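# Inside the fold
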Amino acid sequence: MRALNIAATGMMAQQLYVETISNNIANMTTTGYKRRRPEFQDLLYQNQRRIGAQTSDVGTMVPAGVQLGLGVKPAAVYRVHEQGDLQNTENRLDLAIQGQGFFVIEMPDGQNGYTRSGQFQISPDGLLVNADGYPLAPAIEIPEDAVEVSINQSGVVEVKFKGEVDTVEVGRIELATFVNPVGLEAIGNNMLLETTASGPATIAAPGTENAGPVLQAFLESSNVDPVTEMTMLITAQRAYDLNSKVIKAGDEMMATVTQLR
Amino acid sequence: MENTGYVALSRQLALQNRLAVLAHNIANAETTGFLGDDMTFQQVLSRAEPSRSIAFVQDLTPEPDLSEGELRMTGGPLDFAIGRDGMFAVQTEGGVRYTRAGHFRLDQDDRLVTFDGDPVLDVDEQPIRLPGGVDALEVATDGTLSVEGEVVGQFRRASFEEPERLEREGAMLFRTDEAPGVAAGAEVHQGALEASNVEPILAMTRLMETNRAFQKTQKLIETQHQMTRKAVERLLDVRG
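Residues numbered from 1 in each chain as written. Chains lettered and ligands numbered in written order. Predicted model: local features only at pLDDT ≥ 70, side-chain atom pairs only at ≥ 80, totals over all residues. Heavy atoms only, no water.

## A look at the overall build of chain B
Assigned secondary structure in chain B consists of two helices and 18 strands. Taking 2.2 N^0.38 as the reference for a compact globule, 240 residues should give roughly 18 Å; the C-alpha atoms of chain B span a radius of gyration of 25 Å, well beyond that estimate. Taken over the C-alpha atoms alone, chain B extends approximately 100 × 35 × 30 Å along its principal axes. Scored against the burial criterion, the 240 residues of chain B give a buried share of 50%. The long-range fraction of contacts in chain B, counting pairs at least 24 apart against all pairs at least 6 apart in sequence, stands at 61%. For chain B, the exposed area adds up to about 11800 Å²; of that, 49% sits on carbon and sulfur atoms. Computed over 24 positive and 40 negative side-chain charges, the separation of the two mean positions in chain B equals 15 Å. (Helix = DSSP H or I, 4+ residues; strand = E, 2+ residues; numbered from the N terminus. Rg over C-alpha atoms; globule rule 2.2 N^0.38 Å. Buried < 20%, exposed > 50% of the residue type's maximum accessible area, 1.4 Å probe, protein only. Contact = heavy atoms within 4.5 Å. Areas by Shrake-Rupley, 256 points an atom, 1.4 Å probe, with all protein chains shown as cover. Lys, Arg positive; Asp, Glu negative; His and termini not counted. Charge placed at Lys NZ, Arg CZ, Asp CG, Glu CD.)

Structure representation (structure tokens):
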């Protein structure tokens with residue numbers, strides 16, 4: 001009874017759908033989170049009677065054969081890199097990107113990580129670090145006696161010392177852009193890694209190319225829309241239900257057979 | 001006498017296949033660009049005696065249901081829906097394949113590819129490249145792609161004279177030996193995806209129908225079985 005297995009693949013796919021939605025809803029308030037969407041594809045087909053097979057010596061052929069599909073499979077769970085809403089936080093070290101760029105973070109293992117989450121702090125060494133304490137790359141050091149930090153749209157970090165009028169530039173924030181940002185690998189903690197699918201990072205100053213300007217005292221909220229997620233949850237649940245009905249129908253047909261004497 | 005059983009058996013086998021087809025449709029109720037199908041049955045005549053003929057059931061999958069699924073707006077710059085009769089052409093390892101699932105992305109070489117990494121083809125059967133990024137990408141309804149006013153390619157919109165000969169390959173791809181024409185009337189829409197065209201209500205009613213038909217056939221077998229038994233009993237009575 002093929003129908004049972006096919007419906008099972010359907011139920012598993014819908015389960016993945018619900019799992020993806022629940023992850024989106026759980027991260028509804030995560031800074032810089034990008035919603036995920038599953039993509040499904042049909043599984044292989046079995047040819048029981050091949051289309052175009054010859055049915056006689058004079059060359060007549062089967063116009064439409066019997067092709068039985070074997071169900072559905074998840075093809076990808078991809079991120080939707082749509083701009084999230086910008087929220088004013090009044091915190092001078094919060095940064096948001098309005099564009100396609102990513103902040104470059106130096107991970108403890110030396111390689112670069114990329115993130116949209118711009119919640120920065122000052123480490124004991126005076127470096128601008130993210131919530132996990134990993135420094136921005138290239139590193140930006142804020143002098144201990146600076147009283148004010150200002151970051152402009154082009155990513156220039158300037159500080160002001162007590163009793164002085166002019167500001168002093170201490171570094172520039174650089175952003176990375178990718179040909180295919182969907183291809184970046186998520187490793188948790190709002191962090192993404194470069195892959196062959198994403199293409200190499202192109203480093204650009206904020207505001208140039210597609211990187212987009214950096215906004216001080218703003219954070220990018222997640223781009224999860226609760227209403228869409230809820231409607232998708234309903235669709236997924238109903239589709240799950242439908243597949244279970246197929247299993248029931250298959251079961252009833254098998255029960256009919258077993259009653260045969 | 002046994003013919004009743006064999007005819008019923010052929011029907012039950014066909015119905016089981018129909019259930020598999022329905023299950024496959026329902027499993028793909030949320031698959032982008034999926035085209036459902038249903039089974040038609042044909043009778044196969046077999047001459048049992050010179051004066052009578054007996055019809056067995058044989059199942060045939062007809063052409064995929066080419067009706068358009070509903071359009072879902074996604075706003076994604078690389079999401080495309082293609083109008084009725086049209087299909088996107090994709091270069092796979094095994095040759096050119098066709099699909100209605102216009103859910104693409106860019107690969108590291110700026111090529112427009114499917115989720116399996118197969119490049120999408122333009123009118124000249126060359127991979128479509130988008131070196132200018134996707135931000136300024138605009139797509140006209142005839143499938144012409146332009147970045148900042150500069151034309152970078154046009155989708156191959158394949159149409160088929162015999163869509164019933166399209167063979168499914170899985171992963172949303174169709175193959176055919178026919179050289180496809182151009183679907184001039186098939187409009188391409190950016191920022192939308194075509195949902196699966198499986199109608200849950202139709203699928204449910206067909207499911208119930210199949211189940212009932214199976215049970216009825218079963219009843220037929222039972223009736224025939226009882227008749228045989230009665231006949232045997234009568235014969236014994238006569239002898240006794």
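## Points about the interface of chain A and chain B
Taken residue by residue, the interface counts 58 residues in chain A and 52 residues in chain B. Roughly 4800 Å² of surface becomes buried between chain A and chain B when both sides are summed, with 58% attributable to carbon and sulfur atoms. Put simply, chain A and chain B have 15 residue pairs in polar contact (both at pLDDT 80 or more) between them. Counting only elements with at least two residues in the side of chain A that touches chain B, the list comes to helix 1 (2-26), strand 1 (36-42), strand 2 (45-49), strand 3 (66-69), strand 4 (72-79) and helix 2 (226-258) of chain A. Among the elements that line the side of chain A that touches chain B, the one with the most residues is helix 2 of chain A, at 12 residues. Looking at the side of chain A that touches chain B residue by residue, the class counts come to 28 nonpolar, 20 polar and 10 charged. (Buried area = accessible area lost by both parts, 1.4 Å probe. Polar contact = N/O pair within 3.5 Å; in protein donor to acceptor, adjacent residues only side chain to side chain. Nonpolar A, V, L, I, M, F, W, Y, C, P; charged D, E, K, R; others polar.)

## As for the sheet that holds strand 7 (residues 102-103) of chain B
Residue and element names in this part refer to chain B. The three strands are arranged 7-4-17 in an open sheet whose pairing can be described as antiparallel. Across the chains shown, the open sheet's two edge strands, defined by having one partner strand only, are strand 7 and strand 17 (188-190). Alignment of strand 4 (residues 79-82) against strand 17, held across three bridges, turns out to be antiparallel. Its bridge partner being in strand 17, Ile82 is matched across the sheet by Val188. (Pairing = 2+ DSSP bridges.)

## Looking at the sheet that holds strand 12 (residues 150-154) of chain B
Residue and element names in this part refer to chain B. Pairing within the open sheet is antiparallel, and its three strands lie in the order 10-11-12. Because the sheet does not close on itself, it has two edges, and the strands there are strand 10 (137-139) and strand 12. Strand after strand, the sheet turns through a mean of 30 degrees between neighbouring axes, direction not considered. The pairing of strand 10 with strand 11 (residues 144-147) spans three bridges and is antiparallel. Looking across to strand 11, one finds that Glu138 is bridged to Ser146. (Axes fitted to C-alpha atoms, helices over the stretch in contact; angles between N-to-C directions.)

## Details of the pairing of strand 5 (residues 87-92) of chain B
Residue and element names in this part refer to chain B. With respect to burial, strand 5 is a largely interior element, five of its six residues being buried. Taken together, the two bridges between strand 5 and strand 13 (residues 157-159) define a ladder with antiparallel strand orientation. Bridge pairing links Phe88 to Arg157 in strand 13. Where strand 5 lies against strand 6 (residues 95-99), five bridges are found, and the strand directions are antiparallel. Opposite Thr92, over in strand 6, you have Gly95 as the bridge partner. Two successive antiparallel strands, strand 5 and strand 6, enclose a turn made up of two residues.

## A look at the nonpolar core
Judged by nonpolar contacts, the single largest core of 30 residues is most densely connected at Tyr17 and Val246 of chain A together with Leu19, Ile26 and Leu207 of chain B. Among the elements of the structure, helix 1 and helix 2 of chain A together with helix 1 (3-27) and helix 2 (200-239) of chain B are those that each provide at least two residues to this core. For this core, the element with the highest residue contribution is helix 1 of chain B, accounting for seven residues. Setting aside residues no more than four positions away along its own chain, Leu19 of chain B makes contact with Met1, Ala3, Ala249, Gly250 and Met253 of chain A together with Leu207 and Thr210 of chain B. (Core = buried A, V, L, I, M, F, W, Y, C linked by side-chain atoms within 4.5 Å.)

## Let's talk about unusual backbone geometry
Here Ala137 of chain A and Pro138 of chain A are connected by a cis peptide whose omega angle stands at -10 degrees. Even without a glycine there, the phi angle at Glu148 of chain B is positive, about 50 degrees. Residues other than glycine seldom take positive phi values, yet Ala171 of chain B does so here, at roughly 50 degrees. For Ala171 of chain B, the position within the fold is in the loop between strand 14 (167-170) and strand 15 (173-175).

## A few points about the confidence of the model for chain B
Residue and element names in this part refer to chain B. Mean pLDDT over chain B: 85, with 94% of residues reaching 70 or higher. Per-element averaging of pLDDT across chain B places strand 1 (residues 40-49) at the bottom with 71 and strand 5 at the top with 93. Both scores are available for the predicted complex, with the pTM at 0.81 and the ipTM at 0.73. (pLDDT = per-residue confidence, 0-100.)

## As for the packing of helix 1 of chain A against helix 2 of chain A
All names here are of chain A. Relative to each other, helix 1 and helix 2 sit at 160 degrees, their axes nearing to 9 Å. Taken together, the axes of helix 1 and helix 2 are roughly antiparallel relative to one another. Crossing angle aside, the handedness with which helix 1 passes helix 2 is left-handed. Across the contact of helix 1 with helix 2, the residue classes break down as 18 nonpolar, seven polar and two charged. (Parallel < 35°, antiparallel > 145°, perpendicular 65-115°, else oblique. Left-handed = near helix turned anticlockwise from the far one by under 90°.)

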